[in-house]
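One-letter residues, chain by chain:
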Amino acid sequence: MRLSDAPKGAQAVVQSVTDAHPADPIAQRLRDLGFVAGEPVRLVARGPLGGDPLLIQIGSTRFALRKTEAARVEISVGGAA
C-alpha cells in the first residue's frame, strides 16, 4: 500500500521509497528524512478539500507531504508498534 492511500490514524511500517524517475530528488530527500525500510510511520491527518497535504509522523518528527510525495512511500499497515 502507498502512504498516500493509508487511512487517517493508520500506523504502518515503511517498506521502500520508489523513485518516480532515475535520480529522483524527492525520493532521495524522503530517504534522507528517515523514510527508510523498517521505520514506523503514522498518518496523523489529511488536509481539507481533497486531503492535501498529509501530516505524517516518523518517530517524534512530523512532516507535511503532498499526496504525490507520499505516493512514493510503500508501507505495510498494522506493523508498527
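See the structure printed just above.
Parameters at a glance
- Residues numbered from 1 in each chain as written.
- Predicted model: local features only at pLDDT ≥ 70, side-chain atom pairs only at ≥ 80, totals over all residues.
- Heavy atoms only, no water.
- Helix = DSSP H or I, 4+ residues; strand = E, 2+ residues; numbered from the N terminus.
- Rg over C-alpha atoms; globule rule 2.2 N^0.38 Å.
- Buried < 20%, exposed > 50% of the residue type's maximum accessible area, 1.4 Å probe, protein only.
- Contact = heavy atoms within 4.5 Å.
- Areas by Shrake-Rupley, 256 points an atom, 1.4 Å probe, with all protein chains shown as cover.
- Lys, Arg positive; Asp, Glu negative; His and termini not counted.
- Charge placed at Lys NZ, Arg CZ, Asp CG, Glu CD.
- Salt bridge = Lys/Arg side-chain N within 4 Å of Asp/Glu carboxyl O.
- Pairing = 2+ DSSP bridges.
- Axes fitted to C-alpha atoms, helices over the stretch in contact; angles between N-to-C directions.

A look at the overall build of the chain
Broken down by element type, the chain carries three helices and five strands. Taken against the 2.2 N^0.38 rule, which gives 12 Å for 81 residues, the C-alpha radius of gyration of the chain at 11 Å falls within 12% of a compact globule. Judged by the C-alpha coordinates and their principal axes, the chain covers about 30 × 30 × 20 Å. Expressed as a percentage of its 81 residues, the buried residues of the chain come to 37%. For the chain, the proportion of contacts with a sequence separation of at least 24, taken over those separated by at least 6, is 62%. Counting only carbon and sulfur atoms, one obtains 54% of the accessible surface of the chain, whose full area is about 4,500 Å². The chain carries 10 positive and 8 negative side-chain charges, and their two centres are separated by 7 Å.

Concerning the pattern of salt bridges
In this structure the tally under the stated criterion is four salt bridges. Here Glu74 ties to Arg2 by a salt bridge, and the two come within 3.4 Å at their closest N and O atoms. One end of the pair, Glu74, is in strand β5 (residues 73-77); the other, Arg2, is in the segment before β1 (11-17), with 72 residues separating them in the sequence. Its relative accessible area of 22% is what places Glu74 among the partly exposed residues. Given the relative accessible area of 37%, Arg2 is considered partly exposed. Arg66 is the partner of Glu69 in a salt bridge, and the nearest nitrogen-oxygen pair spans 2.9 Å.

Considerations on the sheet that holds strand β4 (residues 61-65)
Note: strands within a sheet are paired through backbone hydrogen bonds, in either parallel or antiparallel orientation. Taken in spatial order, the five strands make up an open sheet running β4-β3-β2-β1-β5, and their pairing is antiparallel. Pairing within the sheet leaves two strands with one partner each, and these edge strands are β4 and β5. Strand-to-strand twist of the sheet, defined as the mean angle between neighbouring strand axes without regard to direction, takes the value 40°. As judged from the four bridges shared by strand β2 (residues 40-47) and strand β3 (residues 52-58), these two strands associate in the antiparallel manner.

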